[in-house]
Amino acid sequence: MAAFSWLYLSAASLCSASLSLLMRFFSSAKKSRYEMILGNYLTCSFVGFLLINDKALIFHSHPSTYLCGLIGGILFVLSLLCMQHSIETDGAILTSAFSKLGLLVPLLLSIVVFGEKPALTQAIGLCTLIAAIFIFSYEQNSIKDSRKIHLFFLLIVLLTGGAADAMAKVYDIIGIRNEDSVYILLVFFFASILTFFLSEKELKQIKQKHSLRDLAYGILIGTPNYFSSVFLLKALNGLPAFIVYPVFSCSAVIIVTLLSLFFFHEVLSRRQLAGLILILVSLALLNL
C-alpha cells in the first residue's frame, strides 16, 4: 500500500510541476485573469465527469461529499482572489513565498486535529523545510520595492491557500472512499461556476468578449490539474499528511526549478541555491 502511495505522490508532483510550467508558458499570452482559469476548471469538471463509472453516484453521494466539494471549490477561488489582491499590494515575490508556506495549514491540521505524530527527525525536517521555502522564495529587493507590507493580506493568502489544500485531507478523513471521484468533480464544478461569474464581471469592466484562445490554454492545463488532485488524494489515503504535503509541494518546486533552468535559461541566485539545498535536506529528513 505504501509503495503505491509513493507512486501516487510522485505522479501528483509531476502533474503539479507540469501545470505550473504550462501556466507560466501561457501567462504572457492571456488577456483576461480568469479566462484561462475558467477553461482549466471546466476541463477538470469534464474529465472528472467522464471518469466516473456510475454517473448516478453524482446525485446519490453522501452529504459530506457535497459539503467538502462545495467548500473546496469556494476555497480554490477565494485563495486565487486573495493572491491577486496581495500581488497588487505586496508584490509577486512575497505573495508567492506566503502561498508556499500555506502548507503549514494542512500540516498543523493533520498533527493537532487528526493526531498524526511525526518523529523527531521528521519534525526537524518540517522546520527546515519551512525555512527553506522562505529562503528560496524571498529576494532582498522584494521588501524595498514594495510600498508597504500588508502582513494581514499575506497571512490571508497563507490561510486560504493552505485551507484549500487541506480539504483533501479533510475529505480523506470524513469522506467515503468510493466517492473520491465525485468529490473531485464537485470541487472543480463549483470552482467553475464561481470563476465564470468572476470572468463575466471582468469582461464587462474591460469591455471584451470571451477569448477562445485563453479558454484553450485553460483546457491544456486542466488535465494535469485534475490528475494532480486525484493522485494527491490517493497518496493521502496511504501516507501521513505531514509527509505528503511537504513532498508534494517541494518536489514540484524542484522539478519546476530544474526545468526552468533548462528550458527558460534561468539563473539561480545564491539564496535560491541555498534554499534548494535546504529543501533537499528537509525532504531527506522527512523520509527517515
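Residues numbered from 1 in each chain as written. Predicted model: local features only at pLDDT ≥ 70, side-chain atom pairs only at ≥ 80, totals over all residues. Heavy atoms only, no water.

(A) Looking closely at the overall build of the protein chain. Each helix and strand counted, the protein chain has 12 helices and zero strands in total. The order of α-helices and β-strands along the protein chain, N terminus first, is α-α-α-α-α-α-α-α-α-α-α-α. Across the 288 residues that make up the protein chain, the buried fraction comes to 47%. Accessible area for the protein chain stands at about 14,300 Å²; split by element, carbon and sulfur atoms hold 71% of it. (Helix = DSSP H or I, 4+ residues; strand = E, 2+ residues; numbered from the N terminus. Buried < 20%, exposed > 50% of the residue type's maximum accessible area, 1.4 Å probe, protein only. Areas by Shrake-Rupley, 256 points an atom, 1.4 Å probe, with all protein chains shown as cover.)

(B) Layout of the pattern of salt bridges. What the rule picks out here adds up to four salt bridges. Across the pair Asp180 and Arg177 runs a salt bridge, and its minimum N-O distance is 3.1 Å. Asp180 gets classed as buried once you look at its relative accessible area, which sits at 17%. Arg177 gets classed as partly exposed once you look at its relative accessible area, which sits at 31%. Connected via shared salt-bridge partners are Glu116, Lys169, Asp172, Arg177 and Asp180. (Salt bridge = Lys/Arg side-chain N within 4 Å of Asp/Glu carboxyl O.)

(C) The arrangement of the confidence of the model for the protein chain in detail. Of all residues in the protein chain, 88% attain a pLDDT of 70 or more, and the chain-wide mean is 82. Of all helices and strands in the protein chain, the one with the weakest mean pLDDT is helix 7 (residues 140-145) (45), whereas helix 2 (residues 35-50) scores best (91). Within the model, pLDDT remains below 50 along residues 140-147, and this stretch shows nine contacts once partners closer than five positions in the same chain are excluded. (pLDDT = per-residue confidence, 0-100. Contact = heavy atoms within 4.5 Å.)

(D) Looking closely at the nonpolar core. Ranked by size, the top nonpolar core spans 53 residues in total, and within it Tyr183 and Ile279 carry the most contacts. When residues of this core are assigned to their parent elements, the largest contribution, 10 residues, is made by helix 11 (residues 241-263). With six residues, the next largest nonpolar core counts Ile52, Ile58, Leu185 and Leu186 among its residues. (Core = buried A, V, L, I, M, F, W, Y, C linked by side-chain atoms within 4.5 Å.)

(E) Region of interest: the layout of surface pockets. Its volume calculated, the second largest pocket comes out at about 240 Å³. Around the second largest pocket sit 13 residues that line it, and Asp180, Ser181, Ile184, Val230 and Lys234 are the ones nearest its centre. At the level of elements, helix 9 (180-206) and helix 10 (212-236) are the ones that each hand at least two residues to the lining of the second largest pocket. Grouping the amino acids of the lining of the second largest pocket by side-chain chemistry returns eight nonpolar, two polar and three charged. (1 Å grid on protein atoms, 1.4 Å probe; cavity = no way out; pocket = protein on both sides within 12 Å on 5 of 7 lines; lining within 4 Å. Points joined across faces, edges and corners; volume = space filled by probe spheres on them. Nonpolar A, V, L, I, M, F, W, Y, C, P; charged D, E, K, R; others polar.)

(F) Just the side chain of Ser228, in detail. Here Ser228 shows up in helix 10. By relative accessible area, Ser228 is classed as buried at 6%. Sequence-distant contacts of Ser228, defined by excluding residues within four places in its chain, comprise Ala12, Cys15, Ser16 and Phe248.

(G) Summary view of the packing of aromatic side chains. Here the structure, examined in full by the defined rule, presents 10 aromatic pairs. With centroids separated by 5.8 Å and ring planes inclined at 70°, the aromatic side chains of Phe196 and Phe197 adopt a geometry described as edge-to-face. Phe196 sits in the partly exposed class, given a relative accessible area of 37%. What makes Phe197 exposed here is its relative accessible area of 57%. The rings of Tyr8, Tyr41, Phe76, Phe188, Tyr226, Phe227 and Phe231 are connected pair by pair, giving a single aromatic cluster. The ring of Phe49 is capped by Lys55, whose NZ or CZ atom sits 5.3 Å from the centre of that ring. Taking the ring centre of Tyr8 as reference, the NZ or CZ of Lys234 above it sits at 5.6 Å. (Phe/Tyr/Trp six-rings, centres within 6.5 Å; stacked < 30°, edge-to-face > 60°. Lys NZ or Arg CZ within 6 Å of the ring centre and 35° of its normal.)

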